[in-house]
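So the chains spell out like this:
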Amino acid sequence: MTLTKNQEFKKYVVEGICLLYTLLFVYAAVSKLLDFENFQVQLGQSPLLSPFAIWISWIVPIAELIIALALIIPKFRSIGLLAALSLMIMFTTYIFVILHFSSFVPCSCGGILEKMTWNIHLIFNVVFIVLAAMAIVMHFKNRQEGTSGNIRFFPVRIILIIVVFSTAAIVVLFLSSEEIMHHQNPFIRRYPQHPIALKTTIDLKFNSYYFAGHANQKIYLGNFTDPLHMLEIDPISNQRKRIKIIVHSKDKHYKMVKIVIKGSYFYLMDGNIPFILRGGTADWRITKEFKSCPYFSIAQPIDSSTIAFRSGRGKNAEHVLGVFNPDSIPNKNYNEKLLQKQLDGVFDTDGILMGSENQKGMVYLYYYRNEFIAADKKGNLLSRGHTIDTISKAQIKVAFLKDRGERKMAAPPLVVNESAVISQNLLFVQSRIPGRFEPEKLWKQAEIIDVYNLSNNTYLLSLAVYKSQNKKLQYFYVTSTHFYALVSNELIIYDLKKIIRKEMKDIGLRKIR
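As the structure is a prediction and not an experimental result, all values here were calculated from the model.

A.B. asks: Mind showing me how you'd approach the overall build of the protein here?
C.D. replies: For the protein, the helix and strand inventory stands at 8 helices and 26 strands. By the burial criterion, 53% of the 513 residues in the protein qualify as buried. Sequence separation of 24 or more characterises 54% of the internal contacts of the protein that already satisfy a separation of 6 or more. A total accessible area of about 25000 Å² is found for the protein, and carbon and sulfur atoms account for 57% of it.

A.B. asks: So what exactly am I meant to see when it comes to a nonpolar patch on the surface here?
C.D. replies: Taken together, Val26, Val30, Leu33, Leu34, Ile54, Trp58, Ile62, Leu65 and Ile66 make up a surface patch of nonpolar side chains, about 810 Å² in accessible area. Mapped onto the nonpolar patch, the elements with two or more residues apiece are helix 1 (5-34) and helix 3 (53-72). Looking at the nonpolar patch element by element, the count peaks at 5 residues for helix 3. Relative to the helices and strands, Ile54 resides in helix 3. Given a relative accessible area of 41%, Ile54 falls into the partly exposed group.

A.B. asks: What is the right way to read the pairing of strand 3 (residues 218-223) from this model?
C.D. replies: Two faces make up the sheet, and in a regular strand the side chains alternate between them. Extensive coverage of strand 3 is indicated by the burial of 5 of its 6 residues. Hairpin connection from strand 2 (residues 209-215) to strand 3: 2 residues lie between these consecutive antiparallel strands, with Asn216 at a positive phi of about 50°. Connecting strand 3 to the next strand, strand 4 (residues 229-233), in antiparallel fashion are 5 residues.

A.B. asks: Teacher, can you tell me more about a positive patch on the surface here?
C.D. replies: On the surface, Lys497, Lys498, Arg501 and Lys502 cluster together into a positively charged patch. By secondary structure assignment, the location of Lys498 is in helix 8 (residues 498-501).

A.B. asks: When you look at the nonpolar core in this model, what are you seeing that I'm missing?
C.D. replies: It is characteristic of soluble globular proteins that their nonpolar side chains tend to be buried jointly. With 25 residues, the main nonpolar core has Tyr21, Phe25, Leu71, Leu81, Leu85 and Met88 as its most contacted residues. Looking at this core, the elements with two or more residues in it are helix 1, helix 3, helix 4 (77-100), helix 5 (118-145) and helix 6 (155-183). Non-local contacts of Phe25, meaning those with residues more than four positions away in its chain, are made with Glu64, Ile67, Ala68, Ala84, Leu87, Met88 and Phe91. Counting 22 residues, the second largest nonpolar core, distinct from the first, contains Leu473, Ala485, Ile492 and Met504.

A.B. asks: Would you mind going over the sheet that holds strand 13 (residues 332-335) with me for this structure?
C.D. replies: What links the strands of a sheet is backbone hydrogen bonding, and the strands pair in either a parallel or an antiparallel sense. In space, the 4 strands of this open sheet follow the order 10-11-12-13, with antiparallel pairing throughout. The strands lining the two open edges of the sheet, one partner per strand, are strand 10 (298-301) and strand 13. Taken over all neighbouring pairs, the strand axes of this sheet differ in orientation by 20° on average, direction set aside.

A.B. asks: Before we go on, may I ask you to explain the packing of aromatic side chains in this structure?
C.D. replies: Pairs of aromatic rings are described using the distance from one ring centre to the other and the angle between the two planes. Overall, the coordinates contain 21 aromatic pairs when judged by the stated rule. Where Tyr21 meets Phe25, the ring centres are 5.4 Å apart and the plane angle is 65°; that geometry is what we call edge-to-face. Here the residue Tyr21 and the residue Phe25 both occupy positions in helix 1, the gap between them amounting to 4 residues, near one helical turn. The two residues Tyr21 and Phe25 agree in class, both being buried. Ring geometry for Phe211 and Tyr484: centres 6.4 Å apart, planes at 55°, overall tilted.

A.B. asks: What is the right way to read the environment of Leu221 from this model?
C.D. replies: For Leu221, the location among the structural elements is in strand 3. Since its relative accessible area comes to 0%, Leu221 is described here as buried. With 38 residues separating them along the chain, Leu221 and Ile259 place their C-alpha atoms 8.8 Å apart. In this structure, Leu221 is in contact with Leu204, Tyr209, Tyr210, Phe211, Ala212, His229, Met230, Leu231, Ile233, Leu486 and Leu491, ignoring residues within four places of it in sequence.

A.B. asks: I tried to follow the environment of Ile180 on my own but got confused; where do I start?
C.D. replies: Counting through the fold element by element, Ile180 comes out in helix 6. Sequence separation between Ile180 and Ser50 is 130 residues; the distance between their C-alpha atoms is 9.5 Å.

A.B. asks: Before we go on, may I ask you to explain the pattern of salt bridges in this structure?
C.D. replies: Proximity of charged atoms lets side chains of opposite charge pair with each other. What the rule picks out here adds up to 15 salt bridges. A salt bridge links Arg189 to Asp450; the nearest nitrogen and oxygen atoms lie 2.7 Å apart. Residue Arg189 is located in the loop between helix 6 and strand 1 (196-203), and its partner Asp450 is located in strand 22 (residues 446-453); the two are separated by 261 residues in the primary sequence. We note that Arg189, like Asp450, is buried. Residue Glu371 pairs with Arg384 through a salt bridge whose shortest N-O separation is 3.3 Å. One end of the pair, Glu371, is in the loop between strand 15 (361-366) and strand 16 (372-376); the other, Arg384, is in strand 17 (residues 381-385), and 13 residues separate them in sequence. Assessed through its relative accessible area of 8%, Glu371 is described here as buried. In the salt-bridge network here, residues are joined through shared partners; they are Glu418, Arg432, Glu447 and Lys472.

A.B. asks: When you look at the pairing of strand 9 (residues 285-289) in this model, what are you seeing that I'm missing?
C.D. replies: Bridging between strand 8 (residues 275-280) and strand 9 involves 4 bridges; their strand directions are antiparallel. The residue bridging Leu277 from the neighbouring strand is Glu289, located in strand 9. Hairpin remark: strand 8 followed by strand 9, antiparallel, with 4 residues in the connecting loop; positive phi at Trp284, about 60°.

A.B. asks: Is there a simple way to think about unusual backbone geometry in this case?
C.D. replies: Note: most peptide bonds trans; most residues except glycine with negative phi. Residue Pro274 is reached from Ile273 by a cis peptide bond, and omega for that bond is -5°. Its place among the elements puts Pro274 in the loop between strand 7 (265-270) and strand 8. Look at the link from Ile329 to Pro330: it is a cis peptide, with omega at -5°. Following the sequence through the fold, Pro330 ends up in the loop between strand 12 (320-324) and strand 13. One non-glycine residue with positive phi stands out, namely Gln217, at about 60°. You can call Gln217 exposed: its relative accessible area is 70%. Unusually for a residue other than glycine, Phe437 sits at a positive phi of about 65°. In this fold, Phe437 is placed in the loop between strand 21 (426-431) and helix 7 (440-445). For Phe437, a relative accessible area of 13% puts it in the buried group.

Conventions and cut-offs
- Residues numbered from 1 in each chain as written.
- Predicted model: local features only at pLDDT ≥ 70, side-chain atom pairs only at ≥ 80, totals over all residues.
- Heavy atoms only, no water.
- Helix = DSSP H or I, 4+ residues; strand = E, 2+ residues; numbered from the N terminus.
- Buried < 20%, exposed > 50% of the residue type's maximum accessible area, 1.4 Å probe, protein only.
- Contact = heavy atoms within 4.5 Å.
- Areas by Shrake-Rupley, 256 points an atom, 1.4 Å probe, with all protein chains shown as cover.
- Patch = residues over 30% accessible without salt bridge, like charges linked within 9 Å, V, L, I, M, F, W, Y side chains within 5 Å.
- Salt bridge = Lys/Arg side-chain N within 4 Å of Asp/Glu carboxyl O.
- Pairing = 2+ DSSP bridges.
- Lys, Arg positive; Asp, Glu negative; His and termini not counted.
- Charge placed at Lys NZ, Arg CZ, Asp CG, Glu CD.
- Core = buried A, V, L, I, M, F, W, Y, C linked by side-chain atoms within 4.5 Å.
- Axes fitted to C-alpha atoms, helices over the stretch in contact; angles between N-to-C directions.
- Phe/Tyr/Trp six-rings, centres within 6.5 Å; stacked < 30°, edge-to-face > 60°.

Dropping the structure here:
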């Protein structure tokens, strides 16, 4: 049957659109396969596809090549056009979800398309969706006109069905991904773009400072070599002020004294003596001594009169967590069930103790395993949470020297969590374990901080703090507005961006489930 000019025009239009799609899909697939490792890493960082990165990284380029082949073979062109439309709708829905519903926007997917912004990429995809829809309508109308009329096909209805199911597939992936990443994380980190921004660097002259805390929108640094002096720094003006703590008692002998600031109070503590002194940040004078203080290895104030602490009073000098309040009866409560022994009860339970007035409780993070504990101000267990790595058992070797009665590490331990701080309802953890899809280069250039929401024990995101002249991050501290890093003799101040600030809420640990 001789085709009319209208049919010929439609045929050429369809062939032209098929050629465009073929070129697009072949180029996209080849670009992904030639740089496959990078493509898989980028999928691993996607807020929507990261849990499914391994199999999607293979399915997408293979599907693109198969569809391109179907488009150039007349016999399979109908299937090819429908599949091309479906895949392009999925790509477009993915971009739309990323831009409007995702917590952050990842990098693009390579090749020329990587040069486009996400909004331009969205427009580009919409144009190709319109072209595919046009081609499907023209192609099937040509087929109908070339038949005796027995075959009835409704391309518009088919297009609508494809739109619904393709969009639904991406929405389901997104919802599933959010559930997996926050509650069942397969050790895949999410790195949003620029969660912190460098503000300034201050030369402190000495490398003996540590973070004592913050108050009145200022940060305070204690000094290990000068325990009764602090440095006050205003992050807005960068002005510095030296502060001396006034202690009236002359009978204190300092061994391992440390200053901690919580709210309008500061605490001078030494667990080897032991003693805990408290004063106000208004005049920096000691006004109270906590009587009957227990011996402790680490301690943190929870509120004005309650101190969370860790001691070695357990069986065989094992670590035990407790709370101390000189105004209560009894004034000391030990909970031997909080820390869970795996090997010796000392090294395997070693970790970081944190407390906060905002949280009304304490959090303990193990050094050598992926677990943290939340307890209330009476020392009662609230919950056990996990960091996203897979190290659930401490990988350490402990030797006991009978002649000296000492325990020692028999081999270098595998450190999982190096340090941590709490800021409002967020837990910031400096990790030592690389996750999936993370390049080795990143770990050489930066320290990785994972962020968790303590109100529901979920992983939120990770940020990279890039090293300054390959110097190690010694301490870090987080407020509601800034991220501080101590690196050698430098204090580096970063501004917290909206993606982190919006997650901060004044929610107590009582809401942890």
